[in-house]
Amino acid sequence: MDKIEKLLRERRKNGLLRALKPNSLRKEGKIYFGREGFIDFSSNDYLGYSSHPKIKESASRAQEELGVGSSASRLLSGDPRIYHKLEEKIAAFKDKESALVFNSGYHANIGIISSLYGRGDVIFIDRLSHASIIDGVILSGARFFRFRHNDCQHLKDLLRKERDNFRDALIITETVFSMDGDRPPLKEIVGLKDKYNAFLMVDEAHATGIFGRKGSGIAEEEGLTKRIELIMGTFSKALGSFGAYLACSKKIKDYLINCCRSFIYSTALPPAVIAANMAAVELVQKDPLPRTTLLKNADYLRSSLLKKGFQVRGISQIVPLIVKDAKEALARSLSLQKKGYWVLPIRPPTVAEGESRLRFSLNYHHSREALERLVSDI
Ligand SMILES: *Cc1c(COP(=O)(O)O)cnc(C)c1O
């Protein structure tokens, strides 16, 4: 296995080696390694829900009553009633007929796409799609085309040219892109999918809990839930715990229960996780203040960095500062570490060559003062 040695050597040489780094605690927007604490700009726990007292209490209660594990796949004995309650709650939250819970966003994307589409079908995805979407598309065996990021004209050209050569068609986009923090022109995409007789799937991993009047995401905010066939999102980011959902028609749900391999052949999530998700969905609807504060703080950080002459992107709680060169991204990250900030460099192959960046993931617990200090320390 020469390739193992070769890859590790190459990556090390180019400063691109990925490695794990155990932390001792994450709390209230900070991360600790041993005694040393940093302001944490690297987590997706945008609302701090992973340690919210109410959510922890729900999880503990469920664990006390139902145990630490679910014992089997849901089609066997791993199907406690609270699973169904969570699915009803999600369906109402997302304003769809029904919902199905998955073990993670990764499980959801690979399973949903590959069980609904196959040879003879066609899928159109945004060029910056998350790895789990790309893997689902490849696993499906459908032909696929990547349109330029958020570029409806390119999507339209591809649909016009390719749509009629295939049976079923699917368009997939994220509603907040994880590395750029920006949003797609969703209304236009919905228009195109109607015109070209395709389904639309949206991935609301980074939008769930943050956008929309109820906090359910961008499909809700733009009033498009009824017009999108497959609305997927996760419990693992703003909602603070783990797992994912698909909000869809009852018919599609029944089909997936029968055919989706990542749903069928994996042990159901533990009861504590389901209870935490339920509490988080309730909390986010009751209390909009954390998410509105978060978005205001993100706007502040973005405009302050722009004023200092930096190139920034996005319109969400994710604020990427583009530095182009991978080595510079690493150097800047290390220099910020020395000043007490934990912000990670995102480099190829996660982003394209020349697109390296520092990615600031904001957290409700970051105060305006902390952000002001960050701006002057960069
Ligand atoms: C994080 C993420 C996923 C995967 O979700 P997990 O629950 O972490 O497996 C899927 N899609 C997007 C866009 C994501 O950012």
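As the structure is a prediction and not an experimental result, all values here were calculated from the model. (Residues numbered from 1 in each chain as written. Predicted model: local features only at pLDDT ≥ 70, side-chain atom pairs only at ≥ 80, totals over all residues. Heavy atoms only, no water.)

K.L.:
Can you break down the nonpolar core residue by residue, with the values?
P.N.:
Phe41, Phe124, Ile171, Ile228, Leu321, Phe360 and Leu362 are the most contacted members of the largest nonpolar core, which has 83 residues in total. For this core, the element with the highest residue contribution is helix α11 (residues 271-286), accounting for ten residues. Once residues lying within four places of it in the same chain are set aside, the contact partners of Phe360 are Phe41, Leu301, Gln317, Ile318, Val319, Leu321, Leu336, Val343, Leu374 and Ile378. (Core = buried A, V, L, I, M, F, W, Y, C linked by side-chain atoms within 4.5 Å. Buried < 20%, exposed > 50% of the residue type's maximum accessible area, 1.4 Å probe, protein only. Helix = DSSP H or I, 4+ residues; strand = E, 2+ residues; numbered from the N terminus. Contact = heavy atoms within 4.5 Å.)

K.L.:
Go over the side chain of Glu204, please, and point to the residues and values.
P.N.:
Its place among the elements puts Glu204 in the loop between β8 (199-203) and α8 (218-221). With relative accessibility at 0%, the residue Glu204 sits in the buried group. Those residues in contact with Glu204 that lie beyond four places of it in its chain are Lys94, Thr175, Ser216, Gly217, Ile218, Ala219, Ile231, Met232, Gly233 and Tyr245.

K.L.:
Outline the packing of aromatic side chains, supporting the account with residue identities and numerical values.
P.N.:
Summed over the entire model, instances satisfying the criterion amount to eight aromatic pairs. Geometrically, the ring pair formed by Phe33 and Phe38 is edge-to-face, given 5.9 Å between the ring centres and 70° between the ring planes. The pair Phe33 / Phe38 is uniform in exposure class, with both members buried. An aromatic cluster of at least three residues, connected via ring pairs, comprises Phe33, Phe38 and Trp342. A cation over a ring is seen here: Arg183 above Phe211, with NZ or CZ 5.3 Å from the ring centre. (Phe/Tyr/Trp six-rings, centres within 6.5 Å; stacked < 30°, edge-to-face > 60°. Lys NZ or Arg CZ within 6 Å of the ring centre and 35° of its normal.)

K.L.:
Any chance you could break down the site of the ligand for me, citing the residues and the numbers?
P.N.:
Looking at the ligand, there are 14 residues lining it, with Gly105, Asp203, His206, Ser236 and Lys237 nearest. In the environment of the ligand, an oxygen atom lies 3.0 Å from a nitrogen or oxygen atom belonging to the backbone of Tyr106. Side-chain polar atom of Ser236 to an oxygen atom of the ligand: 2.9 Å apart, as the coordinates give it. Contact with the protein chains covers 86% of the free accessible surface of the ligand, which is 380 Å². It is helix α4 (residues 105-116) that contributes the most residues to the shell around the ligand, three residues altogether. (Near = heavy atom within 4 Å. Polar contact = N/O pair within 3.5 Å; in protein donor to acceptor, adjacent residues only side chain to side chain. Areas by Shrake-Rupley, 256 points an atom, 1.4 Å probe, with all protein chains shown as cover.)

K.L.:
Account for helix α14 (residues 368-377), naming residues and giving values.
P.N.:
Every buried residue of α14 is listed here: Ala370, Leu371, Leu374 and Val375. The buried side chains of α14 occupy one side of the element, clustering within an arc of 140° when seen end-on. Exposed side of α14, more than 90 degrees from the buried face: Glu369 and Ser376 are the residues found there. Tucked into the core, α14 has its buried residues touching β3 (36-40), α12 (289-307), α13 (326-338), β13 (341-342) and β15 (356-361). (Arc of directions from axis to C-beta.)

K.L.:
So what about the pairing of β15? Which residues, and what values?
P.N.:
Of all six residues in β15, six are buried, a share of seventy percent or more. Across the two faces of β15 the burial is the same, with Ser356, Leu358 and Phe360 and Arg357, Arg359 and Ser361 all buried. Strand direction decides the pairing type here: strand β12 (residues 318-324) and β15, joined by six bridges, are antiparallel. Bridge pairing in β15 links Pro320 to Arg359. Bridging between strand β14 (residues 345-346) and β15 involves two bridges; their strand directions are antiparallel. Residue pairing for β15: Ile346 is matched across the bridge by Arg357. (Pairing = 2+ DSSP bridges.)

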